[in-house]
Amino acid sequence: MTKINRRTLMSGAGALTLAGVAQAGFASHAVAQSVPAVPTRPMPALARTHDTVSLTAVQTNRPRVALTFDDGPHPQNTPWLLDILAQYRAKATFYVIGQNARRYPEIMRRIVAEGHEIGNHTFTHPVLSQLGDGNVLREVDRTQQIVWDTVGAVPVTMRPPYGSFSHRQMRMLFDQRNLTSVVWSVDPQDWRRPGVSVVADRMVRGARPGAVILAHDIHGPTIRAVPAALDGILAQGLQPVTMSDLLAWPHWGPRGLRYVAGPAGHYQG
Ligand SMILES: [Zn+2]
């Protein structure tokens, strides 16, 4: 997990070149108003509720999978993806980069209002295995704070960029912050742009109970692959749920709001 490959360069370059590309065919929903924009309390520390330091998949017989989307929010692709997920009544987890979260607070609030989960994907997307513990914690803490300031909830999992994070670092993060590192069990390599149908097919073929499926909502072709991926996943009787739901942890969500579970899950004041 500490090896760095071409993904390091490709993913970063993709983020830059796609940032200004408008995607046709997305329709923006009105942002639900039930999520508080500015929390009135300081960010609470996460409680130690389990002993899971890190995971790549979840041990379960229940027919559920986690779809996870990294590197956003993206101003066009993320709302487009949210429209698709709503049509399919599918829930996902968004591993956001802190500096993107700070730039697109309305999209952050829409993600949460529609019952999805937000995870921590650091602030600047560095190769964490090359950083000392102090800098790792600063990267993580800044994003925790931005998510709290934006949606009034604290991420309970962290995804290391490029999956590059040593076991010692994962233990350190868990000991210091009670944050679990979530890698993945299915990687469609969508950042290589192998084609829409190839991405969808890889997501479907990797799907099994407890799978954690990686994708990137900064890439337009990835979003175009999602309907076919969801068709295939649902046809196997698998339900896409958030990471917290897959782990059967207390649901991640805004303080003071109650999560109404189910396919149309959402928060109520
Ligand atoms: Zn990433």
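Structure report, in brief. These figures come from a predicted structure and were not determined experimentally.

**Section: the overall build of the chain**
Part 1 of the argument: When helices and strands are counted, the chain shows 9 helices and 10 strands.
Part 2 of the argument: With 269 residues in all, the chain has 57% of them scored as buried.
Part 3 of the argument: Put simply, 81% of the contacts in the chain that link residues at least 6 apart link residues at least 24 apart.
Part 4 of the argument: Split by element, the accessible area of the chain, about 11,300 Å² in all, is 52% carbon and sulfur.

**Digging into the coordination of the zinc ion**
Part 1 of the argument: For the zinc ion, the protein coordination sphere consists of D71 (OD), H121 (NE2) and H125 (NE2), at 2.0 Å.
Part 2 of the argument: Counting the intervening residues between successive donors of the zinc ion yields the motif D-x49-H-x3-H.

**Observations concerning the packing of aromatic side chains**
Part 1 of the argument: Under the definition given, this model contains 1 aromatic pair.
Part 2 of the argument: One residue, R142, lies across the ring of F123, its end atom 3.7 Å from the ring centre.

**Brief notes about the environment of I84**
Part 1 of the argument: Structurally, the position occupied by I84 is in helix α2 (residues 77-88).
Part 2 of the argument: When the C-alpha positions of I84 and I223 are compared, they lie 8.6 Å apart, and in sequence the two are 139 residues distant.

**Some details on unusual backbone geometry**
Part 1 of the argument: Following G72, the chain continues to P73 via a peptide bond in cis, the omega torsion being -5°.
Part 2 of the argument: Mapped onto the fold, P73 is located in the loop between β2 (64-70) and α2.
Part 3 of the argument: One non-glycine residue with positive phi stands out, namely H125, at about 65°.
Part 4 of the argument: As for its position among the elements, H125 is in the loop between β4 (117-120) and α5 (133-151).
Part 5 of the argument: Notably, A248 is not glycine yet its phi reads approximately 60°, a positive angle.
Part 6 of the argument: For A248, the position within the fold is in the loop between α9 (243-247) and β9 (258-260).
Part 7 of the argument: What makes A248 exposed here is its relative accessible area of 63%.

**Digging into the pattern of salt bridges**
Part 1 of the argument: All chains considered together, the criterion is met by 7 salt bridges.
Part 2 of the argument: Among the salt bridges present, the one from R159 reaches D70, with a minimum N-O distance of 2.9 Å. With R159 in the loop between β5 (157-158) and α6 (167-177) and D70 in strand β2, the pair connects residues that are 89 residues apart, well separated along the chain. Here the two residues R159 and D70 agree in accessibility, since each one is buried.
Part 3 of the argument: Among the ionic contacts, a cluster of salt bridges with common partners joins D83, R110 and E114.

**Here's the deal with the packing of helix α7 (residues 196-206) against helix α8 (residues 220-235)**
Part 1 of the argument: Between α7 and α8, whose axes approach to 8 Å, the crossing angle comes to 40°. Of the possible angle classes, the one that applies to α7 and α8 is oblique. Every pair of crossing elements has a handedness; the one defined by α7 and α8 is right-handed. Residues V196, V199, A200, M203 and V204 of α7 form the contact with α8, whose own contacting residues are P221, R224, A225, A228, A229, G232 and I233.
Part 2 of the argument: The residue makeup of the contact of α7 with α8, split by class, is 10 nonpolar, 1 polar and 1 charged.

**Re the pairing of β2**
Part 1 of the argument: Within β2, 7 of the 7 residues are buried, leaving the element largely enclosed by the surrounding structure.
Part 2 of the argument: The side-chain alternation of β2 yields two buried faces, one formed by R64, A66, T68 and D70 and the other by V65, L67 and F69.
Part 3 of the argument: The sheet contact formed by β2 and strand β8 (residues 239-241) spans 3 bridges and is parallel. Opposite V65, over in β8, you have P240 as the bridge partner.
Part 4 of the argument: For β2 and strand β3 (residues 93-96), the ladder comprises 3 bridges, and the chain directions are parallel. Across the sheet, the residue bridging to T68 is T93, located in β3.

**A few points about the pairing of strand β7 (residues 212-216)**
Part 1 of the argument: In terms of burial, β7 is largely enclosed, as 5 of its 5 residues are buried.
Part 2 of the argument: Burial along β7 is two-sided: the residues V212, L214 and H216 and I213 and A215 are all buried.
Part 3 of the argument: Taken together, the 5 bridges between β2 and β7 define a ladder with parallel strand orientation. Bridge assignment links T68 to a residue of β7, and that residue is L214.

Criteria and thresholds
- Residues numbered from 1 in each chain as written.
- Predicted model: local features only at pLDDT ≥ 70, side-chain atom pairs only at ≥ 80, totals over all residues.
- Heavy atoms only, no water.
- Helix = DSSP H or I, 4+ residues; strand = E, 2+ residues; numbered from the N terminus.
- Buried < 20%, exposed > 50% of the residue type's maximum accessible area, 1.4 Å probe, protein only.
- Contact = heavy atoms within 4.5 Å.
- Areas by Shrake-Rupley, 256 points an atom, 1.4 Å probe, with all protein chains shown as cover.
- Donors = N, O, S within 2.8 Å, 3.2 Å for Na, K, Ca; no water.
- Phe/Tyr/Trp six-rings, centres within 6.5 Å; stacked < 30°, edge-to-face > 60°.
- Lys NZ or Arg CZ within 6 Å of the ring centre and 35° of its normal.
- Salt bridge = Lys/Arg side-chain N within 4 Å of Asp/Glu carboxyl O.
- Axes fitted to C-alpha atoms, helices over the stretch in contact; angles between N-to-C directions.
- Parallel < 35°, antiparallel > 145°, perpendicular 65-115°, else oblique.
- Left-handed = near helix turned anticlockwise from the far one by under 90°.
- Nonpolar A, V, L, I, M, F, W, Y, C, P; charged D, E, K, R; others polar.
- Pairing = 2+ DSSP bridges.

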